[in-house]
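Residue-level listing of the chains:
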Amino acid sequence: MKDRARIDAAPGMLAVAIDTSTDMLACAVGRMNGPDGGAACHAAVELLASGDHLCRRHANVELVTTLDRALDDAQLSMHDVDVVLVGRGPGSFTGVRIGISTAKGLARGANLPLYGVSTLDAAAWTAWRVGVRGLLGVAADAMRGEVYPALYSLDDEGASRLFDRERVVKAADAVEEWRKLPNADDLQLTGDGLVRHGRLFEAAGLMDKALDRALWWPSGEGLLLAWAASRATDGADAASGDPASVLPIYTRLSDAEENERKRLGLAQSPSSAVTGVADELAGRHLQFRPMGPADAEAASALEARCFDGMGHNAWSPAQFLSEFGQDAAVPRSWWVAHDDGELVGIAGGMMVEHDLQVLDVAVAPERRREGIARKLLSHVSYDAQMLGCTTASLEVEASNDGAQALYDSLGFSQAGVRRGYYGAGNDALVMTAKLPLVLPVDAASPEPTAASVRPWPLPSVRRTDDERARLASLNLVMAIESSCDETAVAIIDGEGRLLANQVSTQIDFHARFGGVVPEIASRKHVEVIVGVVDAALEEATEALGLDGGTLEPSELAAVGVTQGPGLVGALVVGVAFAKGFAYAADIPLIAVNHLEGHLYANLLTTPDLKPPFIFTLVSGGHTMLVHVKAWGDYEVMGETLDDAVGEAFDKVAKALGLGYPGGPIISRLAETGDPHAIEFPRALNRKGDYRFSLSGLKTAVVTYIEQETAAGRTIHLPDLAASFEAAVFDVQYKKARNALRETGAREYCIGGGVAANPHLRQMMIKKLGRQGIRVTVPPQNACTDNAAMIAEVARRKFAESDFAPLDIDADPNMTL
């Protein structure tokens, strides 16, 4: 590894800059020739090569290869690079995430510092470089009839912001705002928003001084200039350089979150359907959701319980209600934790400028030390980040040691004292933190987060020649999985020994919607992926007994990644990161089919499993029966015509108001239920027909719920759950049995999230085992999405030198 001291110490620092926030793929290689040897002066930026070109919807395909060509044009390689820069937006959500994910992979793969730059700033500096001076308005396209407006003053010294933070407004509102400027006649315009909304600006007489169309997009050189100027202004310690800490600039929540807040703002009840059976889930159904006006009474009562006798008054219901009528210019975020309909925790804050001011955190005394406060604050801080906040602040009683310990662990530090804030002799400590908060990725705290701030780059490792030779002989392969709502990374050796298996789940962020929200999933993958990779490298280091430092990317033999199928916004994060990582570490890239990963997960239990055999895939997105004739030779005998098995479980659970994910909840309830209590239909249950259909069964369950509720009868959940499971699993068993008989195969295995269901596993082992069939089930932790199964596929592909080019893209519709 190239020794990397503080980046300001090396004369002529070499930077690569990329941005895919717009239709322009911006890419440049430059040298920072500042007087202190670092990036002290934008005037000293030397452009060495550029790869800028319009690239609509193909950025993930072309980005790494474009960078490679630019470095080649400059007669350089990634080994020569000292720093990576990336455009953080605002812009196309997917485009921003492609650029940042790739940049994170580059920086982590080469152990380089990564810094983010506003795409709006880059556009302004692009204009400055060609001699534009005076008042400049950047109108970046935000889709939906909106723009990201930004005003700058350009003089010979550079481009200066005339705004505080990025925002999104209707294009017509931006036009009206700028038309009323006292110096509107001097306003020059640029930005790709002019492509879509140019007529609006023209009608207001603002297009007379629009820049040449070729300048409407940011450039790689603009990124270099903007960063150099920010370093000169903010100093060397303005950001850590840690790739985990670089996040997109968001100006709004996802559509699902916005719609939810509108609904709650109308004072509708936030609770799900009432079935009269909630007692059966008491104590094991903790969930998190935004606070609504209907929670005001319960929130006030919880406050009174938590702070009784502590020297300050609890919030009244009226105070909580007032939070929902506040000026939208000062956004609020309030979250609650509830279990069996009872409020057990609350947290909230308001966003002032770039700071999240935490107003309240309270957890029922009997539910403390369960991580509830931590998770509530993770949701509140996430909302704040999405609305542009970069810091958080709060007050805590000086005598409240427990709360201070919590805040310390989240990354807060004391910034001051407010004497008598909570009454005479009862001081408040003022604590501040940078966002995102420090929320470790582990089983006890599963929400995805950024890692704690750390010195970056990491120190070089020191290995003996024998250690390096040993590592090379192990053929270590790292695998990345990001097809849905789990960010997972695993490391495996050439013999199939699993050395690391890290999974960060987002369930808490999706549960209140009754399913995965693709936009949220993609955002969280970007946030956590570096931290999960770091955790996997550290786990493998320990498993290998390495001294001298953590396993380095260049010490891996290859990196594998799920290419598809899955949610496209989630897949592109993993694919973009993996490509950047592989390129920077100079190791091969391996593309893996997610469905094949579920199949190969069975090898983690039965290493001697060999075709031919029958395989059933039952997950939230897929249901299929496969004849595995040989590894890589698959005949899909039947698939679902509508809902997948896991999807049906989730929909039935949602109809019952049980929450998400539905599979584990229904499974627990079915343990004490009678599978014969309710006769639900078994669709397509004919011999020779290997197709599946679950929509009719789902409809039958919903109809049953409606009929029983209308009749005033209490539904016995265990019986309903057991009967529903039986209807689903009977069909799975019979189709598997018939396929085994038809093909003559004597082995059977299963995979997918639903394969973790103990009743399905036991039924298949018992019934098929009686017929002399060897049944393999994957480990419980390898049923839901994970990287261990992807690593097993990648390991075998590595042995066959089955590598992927760096221009692959995510394939959401990939088939087996």
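Undergrad: How would you explain the packing of aromatic side chains if you had to name every residue and give the values?
TA: Scanning all chains against the criterion turns up 16 aromatic pairs. Aromatic side chains Phe93 and Tyr250 sit 6.1 Å apart centroid to centroid with 80° between the ring planes, which places their arrangement in the edge-to-face category. Taken together, the positions of Phe93 in helix 2 (residues 93-110) and Tyr250 in the loop between helix 6 (220-234) and helix 7 (255-265) put the pair 157 residues apart, joining distant regions of the chain. One exposure class covers both Phe93 and Tyr250, and it is buried. Seen from their ring centres, Phe613 and Trp631 are 5.7 Å apart, and the 65° between their planes marks the pair as edge-to-face. Taken together, the positions of Phe613 in strand 24 (residues 613-618) and Trp631 in the loop between strand 25 (623-630) and strand 26 (633-639) put the pair 18 residues apart, joining distant regions of the chain.

Undergrad: Explain the nonpolar core to me, using residue names and the numbers behind them.
TA: Counting residues in each nonpolar core, the largest one holds 71 residues, and the members touching the most others are Met78, Met478, Ile480, Ile491, Leu551, Leu556 and Val559. Ranked by residues supplied to this core, first place goes to helix 15 (residues 568-585) with 11 residues. Each residue touching Leu551, except ones within four places of it in the same chain, is listed here: Arg463, Leu471, Leu476, Ile491, Leu537, Ala540, Thr541, Leu546 and Leu556. Membership of the second largest hydrophobic core comes to 60 residues, among which are Val45, Tyr152, Ala159 and Leu187.

Undergrad: Got a sec to walk through the pairing of strand 16 (residues 391-397)? Specific residues and values, please.
TA: Strand 16 sits mainly inside the fold: five of its seven residues count as buried. Taken together, the three bridges between strand 15 (residues 355-363) and strand 16 define a ladder with parallel strand orientation. Residue Leu356 lies in a different strand from strand 16, and its bridge partner there is Ala392. Regarding topology, helix 10 (residues 372-386) serves as the crossover connection from strand 15 to the parallel strand 16, and that connection is right-handed. Pairing of strand 16 with strand 18 (residues 428-434), which is carried by seven bridges, proceeds in the antiparallel orientation. Bridge pairing in strand 18 places Ala392 opposite Ala433.

Undergrad: Give a description of the state of the cysteines that names residues and reports values.
TA: Enumeration over the complete set of coordinates arrives at zero disulfides. Of the cysteine sulfurs around Cys783, a residue in no disulfide, the closest is that of Cys749, at 11 Å. Since its relative accessible area comes to 0%, Cys783 is described here as buried.

Undergrad: For the packing of helix 10 against helix 14 (residues 518-544), give the residues involved together with the corresponding values.
TA: Relative orientation of the contacting elements helix 10 and helix 14 amounts to 95°, with a least axis distance of 13 Å. In terms of their interaxial angle, helix 10 and helix 14 are classed as roughly perpendicular. Across the interface between the two elements, Tyr382, Gln385 and Met386 from helix 10 touch Ile520, Arg523, Lys524 and Glu527 from helix 14. A per-class count over the contact of helix 10 with helix 14 returns three nonpolar, one polar and three charged.

Undergrad: So, the pairing of strand 24: which residues are in play, and what are the values?
TA: Along a regular strand, successive side chains alternate from one face of the sheet to the other. For strand 24, a buried count of six out of six residues is recorded, marking the element as mostly surrounded by other parts of the structure. Across six bridges, strand 24 lies against strand 25 in antiparallel orientation. Bridge pairing in strand 25 links Val618 to Thr623. Between strand 24 and strand 25, which pair antiparallel in sequence order, lie four residues. In terms of strand pairing, strand 24 meets strand 27 (residues 747-751) through four bridges, oriented parallel. Bridged to Leu617 within strand 27 is Gly751.

Undergrad: I'd love a proper account of the environment of Arg57, names of residues and values included.
TA: For Arg57, the location among the structural elements is in the loop between strand 4 (53-54) and helix 1 (59-73). Residue classification places Arg57 among the exposed positions, given a relative accessible area of 68%. Here the alpha-carbon distance between Arg57 and Thr22, two residues 35 residues apart in the chain, equals 9.4 Å.

Undergrad: Could you give an account of the sheet that holds strand 24, naming the residues involved and the relevant values?
TA: Judged by pairing direction, the sheet is mixed, and its five strands sit side by side in the order 26-25-24-27-28 without closing on themselves. Two strands close off the open sheet at either side, each with one partner strand: strand 26 and strand 28 (774-776). On average, each strand axis in the sheet is inclined to that of its neighbour by 20°, with strand direction left out of account. Each of strand 24, strand 27 and strand 28 touches helix 21 (residues 758-769); the most contacted strand, strand 28, lies at about 165° to it.

Undergrad: Account for the side chain of Ser118, with residues named and values stated.
TA: Position of Ser118 relative to the elements: it lies in the loop between strand 6 (114-117) and helix 3 (119-129). For Ser118, a relative accessible area of 6% corresponds to the buried category. One polar contact links Ser118 to Glu166, side chain to side chain, over a distance of 3.1 Å. Filtering out sequence-adjacent residues up to four positions away, Ser118 remains in contact with Gly89, Arg161, Glu166 and Ile249.

Undergrad: Please provide a residue-by-residue account of the pattern of salt bridges, values included.
TA: A full pass over the atoms with the stated rule returns 38 salt bridges. Here Arg367 makes a salt bridge to Asp339, at a shortest N to O gap of 3.3 Å. Placement of Arg367 in the loop between strand 15 and helix 10 and of Asp339 in strand 13 (residues 332-339) is noted, with a sequence separation of 28 residues between them. Grouping residues by exposure puts Arg367 and Asp339 together as buried. One salt bridge connects Glu747 with Arg774, and the closest N-O pair in it is separated by 3.0 Å. Here the residue Glu747 occupies a position in strand 27, and Arg774 occupies one in strand 28, the gap between them amounting to 27 residues. Judged by its relative accessible area of 16%, Glu747 falls in the buried class. You can call Arg774 partly exposed: its relative accessible area is 33%. A single salt-bridge network, built from bridges that share partners, covers Asp643, Glu647, Lys651 and Lys698.

Undergrad: Lay out the sheet that holds strand 14 (residues 342-352) with the relevant residues and their values.
TA: On the basis of which strands lie adjacent, the open sheet formed by seven strands has the order 12-13-14-15-16-18-17 and mixed pairing. At either end of the open sheet lies a strand with only one pairing partner, and these are strand 12 (286-290) and strand 17 (413-418). If you compare each strand with its neighbour and ignore which way they point, the axes differ by 25° on average. Against the sheet, helix 10 makes contact with strand 12, strand 13, strand 14 and strand 15, and its axis sits at roughly 30° relative to strand 14, the strand it touches most. Packed on one face of the sheet, helix 11 (residues 401-409) meets strand 15, strand 16 and strand 18 and runs near 165° to strand 16.

Undergrad: Describe the confidence of the model for the chain, and please don't skip the residues or the numbers.
TA: Low-pLDDT portions of the prediction should not be read for the details of their coordinates. Chain-level pLDDT for the chain is 88 on average; 90% of the residues reach the 70-or-more range. In this model, residues 1-10 is a region of pLDDT below 50 whose contacts with residues beyond four sequence positions or in other chains number 30 contacts. Low confidence marks residues 441-451, where pLDDT is under 50. Its contacts with residues over four positions away, or in another chain, come to 38 contacts.

Criteria and cut-off values
- Residues numbered from 1 in each chain as written.
- Predicted model: local features only at pLDDT ≥ 70, side-chain atom pairs only at ≥ 80, totals over all residues.
- Heavy atoms only, no water.
- Phe/Tyr/Trp six-rings, centres within 6.5 Å; stacked < 30°, edge-to-face > 60°.
- Helix = DSSP H or I, 4+ residues; strand = E, 2+ residues; numbered from the N terminus.
- Buried < 20%, exposed > 50% of the residue type's maximum accessible area, 1.4 Å probe, protein only.
- Core = buried A, V, L, I, M, F, W, Y, C linked by side-chain atoms within 4.5 Å.
- Contact = heavy atoms within 4.5 Å.
- Pairing = 2+ DSSP bridges.
- Right-handed = clockwise from strand over helix to strand, strands pointing away.
- Disulfide = S-S within 2.5 Å.
- Axes fitted to C-alpha atoms, helices over the stretch in contact; angles between N-to-C directions.
- Parallel < 35°, antiparallel > 145°, perpendicular 65-115°, else oblique.
- Nonpolar A, V, L, I, M, F, W, Y, C, P; charged D, E, K, R; others polar.
- Polar contact = N/O pair within 3.5 Å; in protein donor to acceptor, adjacent residues only side chain to side chain.
- Salt bridge = Lys/Arg side-chain N within 4 Å of Asp/Glu carboxyl O.
- pLDDT = per-residue confidence, 0-100.

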